[in-house]
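Descriptive structure summary
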Amino acid sequence: MPRPLGELEDAVMTRVWKWNRPVTVREVLEDLQRERSIAYTTVMTVMDNLHQKGWLRREVQGRAYRYAAVSTRAAYSAALMNEAWSASDNPAAALVAFFGMMSEEQRDALRDAMRVAQLGEHGESPGESGR
């Protein structure tokens, strides 16, 4: 199970996920520098660490690497939620408490997700229901 990303790792991965394409260290550096002072070597080390941890894959292009996400932010978030839920000594109570923290919009999203998941269990794709 994944452990939560560190603050700088998350900042890097947020950009890679948002851009949804292979990126260079230089591109990430230039975007990060809009918010903070940071060295090229720091970003390069973080991206290499994320590669070593399995979050990024990389290909050589010219003299630089291009990095791409191995999975989505949604998959990362789901794994973190599953890890937290699995660690509870009372998973049902943890879910009830979690649902109590959700906004109405989040509960609507949960209902939508449950409908999609239930359709998948019945072998239908979301577009096939009601035909």
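Preceding this section is the structure that the text describes.
Below or above, wherever it landed, is the structure these notes cover. Model, not experiment: these values are computed from the prediction.

Quick look at the overall build of the protein chain
From N to C terminus, the protein chain includes six helices and two strands. Listed by position from the N terminus, the elements making up the protein chain come as α-α-α-β-β-α-α-α. Relative to the 2.2 N^0.38 estimate, which gives 14 Å for 131 residues, the radius of gyration of the protein chain is 19 Å and therefore markedly larger than a compact globule would have. The dimensions of the protein chain, computed from C-alpha atoms along their principal axes, are 50 × 40 × 25 Å. The buried share of the protein chain, taken over its 131 residues, is 24%. For the protein chain, contacts bridging at least 24 residues in sequence account for 43% of all contacts bridging at least 6. Accessible surface computed for the protein chain: about 9,000 Å², of which carbon and sulfur atoms make up 54%.

Notes on the pairing of strand S2 (residues 64–69)
When strand S1 (residues 56–61) meets S2, the two strands line up antiparallel, connected through six bridges. Within S2, the position partnered with glutamate 59 by the bridge is arginine 66. The turn linking S1 back onto S2 is made up of two residues, and glycine 62 within it adopts a positive phi angle of 70°.

Re the pattern of salt bridges
Scanning the model with the defined rule gives 13 salt bridges in all. Ionic pairing is found between arginine 34 and aspartate 31, a salt bridge with its closest N-O pair at 3.6 Å. Ionic pairing is found between arginine 111 and aspartate 108, a salt bridge with its closest N-O pair at 2.6 Å. One end of the pair, arginine 111, and the other, aspartate 108, are both in helix H6 (residues 104–121), three residues apart, so they sit about a helical turn from each other. A relative accessible area of 34% places aspartate 108 in the partly exposed class. Put simply, Arg15, Asp31, Arg34 and Glu35 are held in one network by salt bridges that share partners.

Structural notes on the packing of aromatic side chains
The geometry of an aromatic ring pair comes down to the distance between the two centres and the angle between the two planes. All told, the structure shown has four aromatic pairs when counted by the stated rule. On the basis of an interplanar angle of 45° and a centroid distance of 6.3 Å, the ring pair of phenylalanine 98 and phenylalanine 99 is categorised as tilted. The class of phenylalanine 98 is partly exposed, set by a relative accessible area of 37%. Geometry around tyrosine 65 places arginine 58 over its ring, the cationic atom sitting 4.1 Å from the centre.

What to know about the side chain of glutamate 9
Its location among the elements puts glutamate 9 in helix H1 (residues 7–19). At 2.5 Å, the side chain of glutamate 9 and the side chain of lysine 53 are in polar contact. In contact with glutamate 9, not counting residues within four places along its chain, are Arg3, Val46, Leu50 and Lys53.

With respect to the packing of H1 against helix H2 (residues 25–32)
The geometry of H1 relative to H2 is characterised by a closest axis approach of 11 Å and an angle of 110° between their N-to-C directions. As far as their axial angle goes, H2 and H1 are roughly perpendicular. The chirality of how H1 crosses H2 is right-handed. The residues of H2 that touch H1, namely those facing Leu8, Ala11, Val12, Arg15 and Trp19, are Glu27, Val28, Asp31 and Leu32. Its residues placed into classes, the contact of H1 with H2 shows six nonpolar, no polar and three charged.

Definitions and cut-offs
The numbers attached to residues start from 1 for each chain and follow its sequence in the written order. Side-chain atom pairs in this predicted model are given and counted only at pLDDT of 80 or more, local residue features only at pLDDT of at least 70, and totals for whole chains, interfaces and linings cover all residues. Side-chain descriptors were evaluated using all non-hydrogen atoms of the structure, hydrogens and water having been removed beforehand. Helix and strand definitions follow DSSP, with helices as H or I runs of at least four residues and strands as E runs of at least two, each counted in order from the N terminus. Put simply, the radius of gyration uses C-alpha atoms, and a globule should come to 2.2 Å times the residue count raised to 0.38. To sort residues, take the accessible area from a 1.4 Å probe on protein chains only and compare it with the maximum for the residue type: under 20% means buried, over 50% means exposed, and anything in between is partly exposed. By definition, residues are in contact when any of their heavy atoms lie within 4.5 Å. Note that accessible areas follow from Shrake-Rupley with a 1.4 Å probe, and for residues the cover is restricted to the protein chains shown. At least two bridges found by DSSP between two strands is the condition for calling them paired. Here a salt bridge means any side-chain nitrogen of Lys or Arg lying within 4 Å of a carboxyl oxygen belonging to Asp or Glu. Pairing of aromatic rings covers Phe, Tyr and Trp, the last through its six-membered ring, and needs centres within 6.5 Å; plane angles under 30 degrees mean stacked, over 60 mean edge-to-face, and all others mean tilted. We call a charge positioned above a ring when the Lys NZ or Arg CZ atom is no farther than 6 Å from the ring centre and deviates by at most 35 degrees from the ring normal. Here a polar contact is taken to be a pair of N or O atoms separated by no more than 3.5 Å, where protein atoms must pair a possible hydrogen donor with a possible acceptor and residues adjacent in sequence count only if both atoms sit in side chains. With axes taken as lines fitted to C-alpha atoms, and helix axes fitted only over the stretch in contact, angles between N-to-C directions fall between 0 and 180 degrees. For classification, angles of less than 35 degrees are called roughly parallel, those exceeding 145 degrees roughly antiparallel, those between 65 and 115 degrees roughly perpendicular, and all remaining angles oblique. For any pair of crossing helices, the crossing counts as left-handed if the nearer helix is rotated counterclockwise from the farther one by less than a right angle, and right-handed if it is rotated clockwise. Polar here means any residue other than Ala, Val, Leu, Ile, Met, Phe, Trp, Tyr, Cys and Pro, which are nonpolar, and Asp, Glu, Lys and Arg, which are charged; Gly is therefore polar.

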